[in-house]
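Listed below are the residues making up each chain.
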Amino acid sequence: MSNPTSVLLAQAQFLTSAAQPRGFPPADCPEVAFAGRSNAGKSSALNALCGRRKLARISKTPGRTQLINFFEMEGARLVDLPGYGYARVPPKVRAQWQGLIESYLQKRKTLRGIVLIMDSRHPLTEFDQQMLEWGKSSGLDFHLLMTKADKLNRGPAQAALLAVRKAQPDYSVQLFSATNRQGVEEAQAKIAQWLSQK
Ligand code: GDP
């Protein structure tokens, strides 16, 4: 439980929300971003990784769901990107947050990698695939976190894991559950590896 990364992540505190690139904090320390379809379990995963129950609740408060939310630890940050895939969002709003996400992902020199949160029962949605394709062409690294694994039996969970590994051989993939904490240490190890990169 208390490996050095879990100690680091437990320090995470809300720093700021940004609606535009000029609202981003200075790019002066390594960052790991979290992305995923709305309702995939991103907030729950962030809370589980930081050992906190309500850390990511801030990202869910009305008015902040379309913003990029920054959380700070000593010498590192976690960046919660707005959930994508709201079916009923007007095209103008969607274009706005796509632009915001793209400007962060494309220009952030201190971005080490992106944890892409997917529901284990519905991995690699069209949006996930778009994000991966687009990220690949921009040279970004991903860790695919298949959450809500507690909702699948062992066999189907393993089969889903292998299918995603096969479809995305360039990236690390794992099963995860915020409910029973399966995979927390594995995800923390990936984050630690990214944060320690020069
Ligand atoms: P977000 O919109 O991606 O931030 O998703 P949330 O973290 O709010 O989770 C969406 C729903 O899925 C909530 O009802 C959570 O309680 C549930 N959920 C999230 N993670 C898990 C998990 O690992 N296991 C189970 N069983 N439910 C989960």
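The structure under discussion appears in the preceding block.
Please read all numbers here as calculations on a predicted model, not as lab measurements.

Undergrad: What am I meant to see in the overall build of the protein chain here?
TA: When you go through the protein chain residue by residue, the secondary structure sums to six helices and seven strands. Going residue by residue from the N terminus, the α and β elements of the protein chain occur as α-β-β-α-β-β-α-β-α-β-α-β-α. For 198 residues, the compact-globule estimate of 2.2 N^0.38 gives 16 Å, and the protein chain sits close to it at 16 Å. Here the protein chain, with 198 residues, has 51% of them falling under the buried criterion. Look at the contacts in the protein chain between residues 6 or more apart in sequence, and 75% of them connect residues 24 or more apart. Summed over all atoms, the accessible surface of the protein chain reaches about 9900 Å², with 51% contributed by carbon and sulfur. On the protein chain, the mean spot of the 27 positive side-chain charges and the mean spot of the 15 negative ones are 6 Å from each other.

Undergrad: Mind showing me how you'd approach the state of the cysteines here?
TA: What we call a disulfide is simply a covalent bond connecting the sulfur atoms of a pair of cysteines. As enumerated under the stated definition, the model contains zero disulfides in all. Here Cys29 is not cross-linked by a disulfide; its sulfur's nearest cysteine counterpart is in Cys50, at 14 Å. Note on Cys50: relative accessible area 2%, which makes it buried.

Undergrad: Mind showing me how you'd approach the site of the ligand here?
TA: The environment of the ligand is made up of 16 residues, and the closest members are Lys42, Ser43, Ser44, Asp150 and Thr179. Within the backbone of Gly41, a nitrogen or oxygen atom sits 2.9 Å from an oxygen atom of the ligand. Between the ligand and Ser43 there is a distance of 2.7 Å, counted from an oxygen atom to a side-chain nitrogen or oxygen. Protein contacts shield 72% of the accessible area of the ligand, which totals 580 Å² for the unbound molecule. At three residues, the largest contribution of residues to the shell around the ligand is made by helix α2 (residues 42–50).

Undergrad: When you look at the layout of surface pockets in this model, what are you seeing that I'm missing?
TA: Here the idea is plain: a probe the size of a water molecule rolls over the atoms and shows the empty space left. By volume, the largest pocket amounts to about 270 Å³. In terms of lining residues, the largest pocket is bounded by 22 residues, among which Ser38, Lys42, Ser43, Lys60 and Gly83 are the most central. Here the lining of the largest pocket takes three residues from α2, the largest share from any one element. Across the lining of the largest pocket, the residue classes tally to five nonpolar, eleven polar and six charged. Considered as a void within the structure, the second largest pocket measures approximately 210 Å³ in volume. Per element, the largest residue contribution to the lining of the second largest pocket is five residues, and it comes from helix α3 (residues 91–107). Here the residues of the lining of the second largest pocket sort into seven nonpolar, two polar and one charged.

Basis of the calculations
- Residues numbered from 1 in each chain as written.
- Predicted model: local features only at pLDDT ≥ 70, side-chain atom pairs only at ≥ 80, totals over all residues.
- Heavy atoms only, no water.
- Helix = DSSP H or I, 4+ residues; strand = E, 2+ residues; numbered from the N terminus.
- Rg over C-alpha atoms; globule rule 2.2 N^0.38 Å.
- Buried < 20%, exposed > 50% of the residue type's maximum accessible area, 1.4 Å probe, protein only.
- Contact = heavy atoms within 4.5 Å.
- Areas by Shrake-Rupley, 256 points an atom, 1.4 Å probe, with all protein chains shown as cover.
- Lys, Arg positive; Asp, Glu negative; His and termini not counted.
- Charge placed at Lys NZ, Arg CZ, Asp CG, Glu CD.
- Disulfide = S-S within 2.5 Å.
- Near = heavy atom within 4 Å.
- Polar contact = N/O pair within 3.5 Å; in protein donor to acceptor, adjacent residues only side chain to side chain.
- 1 Å grid on protein atoms, 1.4 Å probe; cavity = no way out; pocket = protein on both sides within 12 Å on 5 of 7 lines; lining within 4 Å.
- Points joined across faces, edges and corners; volume = space filled by probe spheres on them.
- Nonpolar A, V, L, I, M, F, W, Y, C, P; charged D, E, K, R; others polar.

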